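# Coordinate inspection notes
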Amino acid sequence: MKKSTKALFAVAAAAVLIGAAPGAEPPARPGVDAPELARLGAYPVGVADLELVQPDRPNPLKGKDRPLVEDRHLPLKIWYPAAVSGPGTTYRTALSGETGVDVPFTIPGIATPGARQSTGRFPLVILAHGYGNAPELLAWLGENLASKGYVVVAPAFRDPPISDRSAFAFAGPLSRRPLDIAFVAAEVQRRARAGRAPFAAADPDRTALIGYSMGGYGVLTTAGAPLDPWLGGATRGVLAPYAAGGANAELLKVAHLKAVVAIAPAVRLQDKALWAGSGVAAVTAPTLFIVGSQDHVVGYDPGVRTAFDQEVHASRYLLTFKEAGHSIALSGAPPEMRRTFWDIDWLEDAVWRKDRLLAVQAHFITAFLDRYVKDDATKASFLDGLTPDSGTGTWPGLPRGRIAAFSPGAPTATVWKGFQPSKATGMMFEHKPAS
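Residues numbered from 1 in each chain as written. Predicted model: local features only at pLDDT ≥ 70, side-chain atom pairs only at ≥ 80, totals over all residues. Heavy atoms only, no water.

## Focus: the overall build of the protein chain
Quick note on the threshold: A run of DSSP states H or I qualifies as a helix once it reaches four residues; a run of E qualifies as a strand once it reaches two. Both are numbered from the N-terminal end. For the exposure calls, accessible area comes from a 1.4 Å probe over protein chains only, and a residue counts as buried if that area is under 20% of its type's maximum, exposed if over 50%, partly exposed in between. Residue burial considers only the protein chains on display, and all accessible areas are found by Shrake-Rupley using a 1.4 Å probe.
When helices and strands are counted, the protein chain shows 8 helices and 14 strands. In terms of overall dimensions, the protein chain has C-alpha extents of about 65 × 60 × 45 Å along its principal axes. Among the 435 residues that make up the protein chain, the fraction classed as buried is 55%. Counting every atom, the protein chain has about 18300 Å² of accessible surface; 56% of that belongs to carbon and sulfur.

## Thoughts on the pairing of strand S1 (residues 45-59)
Which entries qualify depends on this criterion: Strands qualify as paired when DSSP identifies two bridges or more between them.
For S1 and strand S2 (residues 68-81), the ladder comprises 13 bridges, and the chain directions are antiparallel. Opposite Leu50, over in S2, you have Leu76 as the bridge partner.

## What to know about unusual backbone geometry
In this structure, the amide linkage connecting Ala197 to the following residue, Pro198, adopts the cis form with an omega of 0°. Within the element layout of this structure, Pro198 appears in the loop between helix H3 (167-193) and strand S8 (202-212). The amide bond that connects Ala410 to the next residue, Pro411, takes the cis arrangement and shows omega of 0°. Tracing the sequence through the fold places Pro411 in the loop between helix H8 (354-372) and strand S14 (427-432). A positive phi angle, close to 60°, is found at Ser213, a residue other than glycine. The residue Ser213 is located in the loop between S8 and helix H4 (214-222) in this model.

## Things to note about the packing of H3 against H4
Quick reminder of the rule: Axes here refer to lines fitted to C-alpha atoms; in helices the fit is confined to the stretch in contact. Angles between the N-to-C directions go from 0 to 180 degrees. The cut-offs work like this: below 35 degrees is roughly parallel, past 145 is roughly antiparallel, 65 to 115 is roughly perpendicular, and the gaps in between are oblique. Rotating anticlockwise by less than a right angle from the far helix to the near helix defines a left-handed crossing, while the corresponding clockwise rotation defines a right-handed one. Residues are treated as being in contact if the distance between any of their heavy atoms lies within 4.5 Å.
Across the interface, H3 lies against H4 with an axial gap of 8 Å and an inter-helix angle of 45°. With respect to H4, the axis of H3 lies oblique. Here H3 and H4 pass one another in a crossing that is right-handed. Contacts between H3 and H4 involve Phe170, Pro173, Leu174, Arg177, Pro178, Ile181 and Ala182 on the former and, on the latter, Met214, Gly215, Tyr217, Gly218, Val219, Thr221 and Thr222.

## Remarks on the packing of aromatic side chains
Given two aromatic rings, one states the distance between the centres and the angle between the planes to describe the pair. Heads up, the condition is: Pairing of aromatic side chains requires ring centres within 6.5 Å, counting the rings of Phe and Tyr and the six-membered ring of Trp. Pairs whose planes differ by under 30 degrees are stacked, by over 60 edge-to-face, and all others tilted. For a lysine, the NZ atom is tested; for an arginine, the CZ atom; a charge sits over a ring if that atom is within 6 Å of the ring centre and within 35 degrees of the ring normal.
Applying the stated criterion to the full structure yields 15 aromatic pairs. Following the ring pairs from residue to residue traces out a cluster consisting of Tyr317, Phe364, Phe368, Tyr372, Trp416, Phe419 and Phe429. Over the ring of Trp230 we find Lys272, and its NZ or CZ is 4.7 Å from the ring centre. The cationic tip of Lys417 hangs over the ring face of Phe382; the distance from NZ or CZ to the ring centre is 4.8 Å.

## Digging into the domain arrangement of the protein chain
Rules: The split of the chain into domains comes from an automatic or database domain assignment. The term buried area denotes the loss of accessible surface (1.4 Å probe radius) that occurs when two parts are joined, taken as the sum for both partners. Here, a salt bridge means any side-chain nitrogen of Lys or Arg that lies within 4 Å of a carboxyl oxygen of Asp or Glu. Nitrogen and oxygen atoms within 3.5 Å of one another constitute a polar contact, given that in protein one can donate a hydrogen and the other can accept it, and given that sequence-neighbouring residues count only through two side-chain atoms.
Each domain of the protein chain was delimited in the assignment, giving domain 1 (39-374) and domain 2 (385-395 + 404-434). Between domain 1 and domain 2, the C-alpha centre-to-centre distance is 28 Å. Of the residues lining the interface, 20 residues belong to domain 1; the matching set on domain 2 comes to 17 residues. Interface area for domain 1 against domain 2, summed over the two sides, is near 1600 Å², with a carbon-plus-sulfur share of 56%. Ranking the residues of domain 1 by area buried against domain 2 places Lys322, Arg356 and Phe364 at the top, with a combined share of 29%. Here Arg305 makes a salt bridge to Glu430, at a shortest N to O gap of 2.4 Å. Viewed at the interface, domain 2 and domain 1 are joined by 10 residue pairs in polar contact (both at pLDDT 80 or more). Broken down by secondary-structure element, the contributors of at least two residues to the side of domain 1 that touches domain 2 are helix H6 (304-310), strand S13 (316-321) and H8. Take the side of domain 1 that touches domain 2: its biggest share by element is 6 residues, from S13.

Encoded structure:
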């Protein structure tokens, strides 16, 4: 009995040392204090894997005198509404460690591989991860949206190790993000029109783009922001034909685009603008920007807030997490990623609970996509007319105590609609109409 007790204490101590999260709850399933629209939808979720190949693409990471021309392989993770529930899955992925060696880990998921697709026609979402990330780290959002009637396609861009900070290494993701997003969107739309699995249920005429960090740069570019010509030289000539005024510039634009979500998007590189002329002002699709006020990777003001102000020809929203940093969109750190500062800093915020960050984003992204992609006018009240500072909302007549009810919004309350009264704090939400 003594030996057994000692063993249990040893296991418990080891779990504490590596920060093991109790229960290993799938990140797509929000907690009891999540805002109203974060909860899962009515559909079970399926997941599939597929690889797309784009032949004869210049690779700026290879070749001596010029980029090597070779086939571009893009693995896809596809989340979709399923017909029946299943046992879920465990995602296995990795992030680059401080020395460039990958650190593998697992993330629990609610999606069931190969589950039969639900009948119907569902909007298409292209989901683009950040530099050195992987689609599995955004599975929480892919699964959550699939449960609400979206087909979500997330390419794996296979970036160089992020520990390699050379300009040569950066040329890869800088060039490939917009090119890959444009290619994947067009190819998936084409296959959806042809009724080809696993995209047969996707509606190519209702397409949305979501991107985090470098993926945010990619989706804003493919939404219409013209690339600055200096990027041609920075990518060994790969982006030269696609920059503003280039022969292929129009090929970067995603067709049938209804909405864009840019989470902590990269908007500048070493104090140089990524877009030419009016930049994001060329984007006309409704846009939801999400950022932390202490994001020192992409910048807040100047930075993402600047882009929000400049996108004058689109109806746009800005959700700011006060004091949050850059890693707001990725799943929380599993035990394997809590052993070193480098590893945990990939995934955890210094101030905010990660499950809280994900739940609030799921709430607003759901309202935004339902409003602008599904044309669900009932979701407008979750977005429009909110008091800018979440902490200043009131709910007259509310009794004291822990109130789990969701705010009904105006005219009854100015506590943000869909939030529990004690949980609407620490955020800003702003809207500017298209001019």
